[in-house]
Structures are given as C-alpha cells and as structure tokens.
Amino acid sequence: MSKVILLVEDNASDEKLTVLAFKKSGIANDVAVVRDGAEALDYLFGTGKHAGRDPRALPTLVLLDLGLPRIDGHEVLRRIRADERTKVLPVVILTSSRQDEDVARGYALGANAYVRKPVDFVEFAQAAKTLGLFWLLLNEQPRVGSST
Amino acid sequence: MDRKSGVRRAWQAGGIAVAVVVVAAALRLWPLHALEARLAWLTFYPAVAVAALYGGLRAGALATALSCGSVLWVLPSLVGRPFIRDSADWLGMAVFAATCTLVSSIADATRRANARAKQAREEAEVANRELEAFSYSVAHDLRAPLRGMNGFAQILVDAYGEKLDADGQDALHEILLNARRMGALIDALLSLARVTRSAVKIESVDLSEVVRTIGAQLSTAEPERTVDLVVQDRLHADLDPVLARTLVENVLGNAWKFTGKVPAPRIEFGTIEKDRVRAFFVRDNGAGFDMAFANKLFAPFQRLHTVAEFPGTGIGLATVQRIVHRHGGRLWAEGAVDGGATFYFAFPHRNLGGN
C-alpha cells in the first residue's frame, strides 16, 4: 500500500510549491490535495464529495493549513481528534502563522508538530524534505483505522 | 435606547436626591430634636454629598435646593419654631449653598473623568483587538503570495537558470533577494507588534547574564568574527524577562552589526550615573551615527545606513524603544560618524535592583 500524504491547502501556489518541494527532495509519495476544511473531513471520513472513498484507508500524514475556507484548520484538527477512527492520525500543522496563540492552540488540540512555512523556497524545500523523511521513513506509525 | 437609559438615570438621580434630603430632615426630628434650631445644616451637608456622588451635579443641586426648602419652611412648620432667624443664619445658608454647589461640581467632574477613562479603556481594547487581527493577517495573508513569488523564481533559477544569460539570472536573483527581504520586514514588524501586545511580568533579571548569553549566540552565528565583549558583572534590573531578552538581542545585535567593519571591534555593557539616574549602556566602537539624525534612530523603518552597507530592517531599535517605554523607562543614544555609538536605557527607580 502506497503511503499518501493529505495536503489541506487552499492556496494554489502553496500547493504547487509543496508538491514541488516534495518532488525535489525525492519524496515519491502520492499527495492528495483538498482545498478547504470541510473537504478535508469529507476525504478522511468518506463523506460528501469523497463519499466513495474507504475511510479505513487513511493517509500516512496530514499536512494542515490553519487559515482555511469553510472550516478552519483548528476545527478540522479538533474533529479529527474527536473521532475514534482518526484519533491518532499524525497531523502536522503547516502554516504561515507563527502567532504564539496558534501554536499553543494547535498543540492543545493534539497536533503532532507545528511547522511554519518559510518564505524562502530553499528553506521551504528543506523543511518539506525533513518533514517527509521524518514522518514517512523514520517515524513508526500507529496502525490507525485498521485495528477494529 | 441610549436616550431611554438617560431618562431613567435622570429619574434615579432625582429619586436619590429626594430620598437623602427626606432622611436628613427626618434625622432633625429624631434623634437630633434636642439640637432644636442649632446647627441647622448638620445633616444636610452629608445628604447633598451623597446625592452628588451617586447622581452627579443635577442631583447635588436638587438636594441643595430641597435642603434649603426643608430648613426654611418644612422643618419650622413641623416643629413650630423657625430655623433661620438672624443674618448669621442666612449667612450659614449661603455658605451651605456655596459649599454644596462646589462639592457637587467636584463629584460631577470625578464621575465624568471616570466615564471618560472607562471609554478610553474600551477604545484601547478595541484598537488592540484590531491590531491583533491586523498582525494576524500580515503574518498569514501577506506571507503566502510572497512565498509564491520567491518559490517560483527559485524554480526558474533551478530549472531554467542555464538558459538565461547573466543579466537574466541577475534579475531572478534580485527577485529572490527582495522577496526574502520583505519576509524579514514582515517578521520584524510582527515582533514589534508582539512587544506592544504582550503582558509585562516583572522579575529581577540579571542583564549581565543575558548580555553574555546573547553575545555567545552572536559569535556562534558569525564564528569568523572576533569581538571584544566587556560586560560589567551582576547588573540586575526589574524587567519582563522575555522583553529584556528581546531588548538585549536588538541593542547588542545592533552593536555587533555596526562594528563589522572596524579592525578591533569592542562592545561594552555597564551602568553609569547620568543626571542622577543610573543608566545601563551598550557602547561600541563601530560605524556610529551623525547626532543630527539621532531623532530618527528609534522610528520604525528609519535607517541611517543603506542595506548594502549594513543589512537590517529598521525595526530593531524601534522595538527596543517600545520595550523600554513599556517599562516606564527612557532610552537615548550618543554617537559620532565612525566614532562608535552608545545606547543608554534607564528605568524608574523601582525597576532598578542593583546587586
């Protein structure tokens, strides 16, 4: 089974850059992109627009932006943690904000990491590489969704 | 809505005035009946003061008028004896009326000042929330397009750089440089906003220790530079520890940067007595500045050197000034072109806890 990264990102440029950054650092995983918080939840739980998707096939990693249309990133994270199926799914907040409140709230809601998107693409690519290497190769994943 | 509540308040004030005067008059009948006509105004002074405190100028004036009426007509008719008999009693009444008007005006002015202060506080809170929303949008929304510009320019460099001639490559690198610089400006602006918003928690901070720590960090970041850092020991100040760190980072970072082109860079940290105030100072032997522009040093985005000479955002010293002001302190600088610069900062006496 290939490891999918779910990228929750409303900004098309940021989406392209993130995918390019992964490619540049040799991370060959499929990246599924959803454009807002509601769609992210639909994707994870196989509802709405993603009704045909099997909710047991969870992504390996969720990269979550905070400022999202419809349902914001914090609320998406809260709902992910509130659901038995996605309670332990690795979620990394990847956002422009470095506001102390956002960081604190992200961790309080159960984020696994908080990464600020650098403006500089070289740094951004480096961050994407580090993230990918750690979460996809180094880190041992809990067996989510398939244990029951 | 506002008008209705105004009318209600006016009725309340009138009610208070009537009630306190009735109580004051009743006290004359019992238990103060033994006073007979002596000290006619005794109970009415406090009555007017109470009415003015709770109801303002109008309630005070109404209570004064009602008191005069009580003493002139109501009480005499109840006890069958006049209270005002000779010119001394009339004088007493005049003094009463004048004093009560004065007391009412003062009470009213105090009430107004309190209301104004409350309004100012509320307005400041609103402004603060707006500033917060503003800096959030700066952090989040302005950085995203910037990242796009920088990112795609970088991709052009990486993938198509070889197909461009030197001028084309140069232009691309200028785009990258400018995007990076704007990113740094946004970050600096945000940190300035954070200094304004964050709560100040005062503790005794060993500034000498902070200076040494930051100095070590600076020399780790630029290991090729040797700077002679002279720190006076155990200089304590009562400051917010987080803000104190930011202050030292900026003042010392500034000195570090502007000594970059002198042969034997030297930075000193210590205290001196200036105009009978103990002030901390950071002195360097770097590029210095023209005293004619000293007033521009602490204004945000004002720089006295070009970015090519010394890099920077023009926010650092503005941040320092804001931190010093938030502690009720004072900040000033002395310098000369190529003669180094000295930055002084002094805090109110309670902030200084020398050791």
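Structure: see above.
1. Looking at the overall build of chain A
Helix and strand content of chain A: five helices and five strands. Residues counted as buried form 53% of the 148 residues belonging to chain A. Here the analysis covers contacts within chain A between residues at least 6 apart in sequence; of these, 64% occur between residues at least 24 apart. Carbon and sulfur atoms form 54% of the exposed surface of chain A, whose accessible area is close to 6,900 Å².

2. Regarding the interface of chain A and chain B
Tallying the contact residues gives 25 residues for chain A and 22 residues for chain B. For the chain A and chain B pair, buried surface summed over both sides reaches about 2,000 Å², with 52% attributable to carbon and sulfur atoms. Here chain A is connected to chain B by four salt bridges. Across the pair Lys24 of chain A and Asp158 of chain B runs a salt bridge, and its minimum N-O distance is 3.0 Å. Connecting chain A to chain B are eight residue pairs in polar contact (both at pLDDT 80 or more). Every element with two or more residues in the side of chain A that touches chain B is listed here: helix H1 (12-24), helix H4 (100-108) and helix H5 (121-138) of chain A.

3. Structural notes on the nonpolar core
If you look at the biggest cluster of nonpolar residues, it comprises 38 residues, and the most contacted ones within it are Leu207, Leu247, Phe269 and Phe345 of chain B. Those elements that provide at least two residues to this core are helix H5 (207-221), strand S3 (236-239), helix H6 (241-258), strand S4 (266-274), strand S5 (277-284), helix H7 (316-326), strand S6 (330-335) and strand S7 (341-346) of chain B. Among the elements that take part in this core, H6 of chain B stands out by supplying eight residues, more than any other. When neighbours within four sequence positions are excluded, Leu207 of chain B is seen to be in contact with Leu235, Ala237, Leu239, Ala244, Val248, Phe269, Phe280 and Phe345 of chain B. Membership of the second largest hydrophobic core comes to 25 residues, among which are Tyr43, Phe45, Leu77 and Ile93 of chain A.

4. Considerations on the pattern of salt bridges
Scanning the model with the defined rule gives 22 salt bridges over all chains in all. In this structure, the salt-bridge partner of Glu75 of chain A is Arg79 of chain A, at a minimum N-O distance of 2.8 Å. Here Glu75 of chain A pairs with Arg79 of chain A, and both are found in helix H3 (residues 73-82), just four residues apart, close to one helical turn. By relative accessible area, which is 35% here, Arg79 of chain A ends up partly exposed. Close ionic contact of Asp108 of chain B with Arg112 of chain B constitutes a salt bridge, the shortest N to O distance being 2.9 Å. Taken together, the residues span about one helical turn, with Asp108 of chain B and Arg112 of chain B both in helix H3 (residues 87-160) at a distance of four residues.

How each quantity is defined
Residues numbered from 1 in each chain as written. Chains lettered and ligands numbered in written order. Predicted model: local features only at pLDDT ≥ 70, side-chain atom pairs only at ≥ 80, totals over all residues. Heavy atoms only, no water. Helix = DSSP H or I, 4+ residues; strand = E, 2+ residues; numbered from the N terminus. Buried < 20%, exposed > 50% of the residue type's maximum accessible area, 1.4 Å probe, protein only. Contact = heavy atoms within 4.5 Å. Areas by Shrake-Rupley, 256 points an atom, 1.4 Å probe, with all protein chains shown as cover. Buried area = accessible area lost by both parts, 1.4 Å probe. Salt bridge = Lys/Arg side-chain N within 4 Å of Asp/Glu carboxyl O. Polar contact = N/O pair within 3.5 Å; in protein donor to acceptor, adjacent residues only side chain to side chain. Core = buried A, V, L, I, M, F, W, Y, C linked by side-chain atoms within 4.5 Å.

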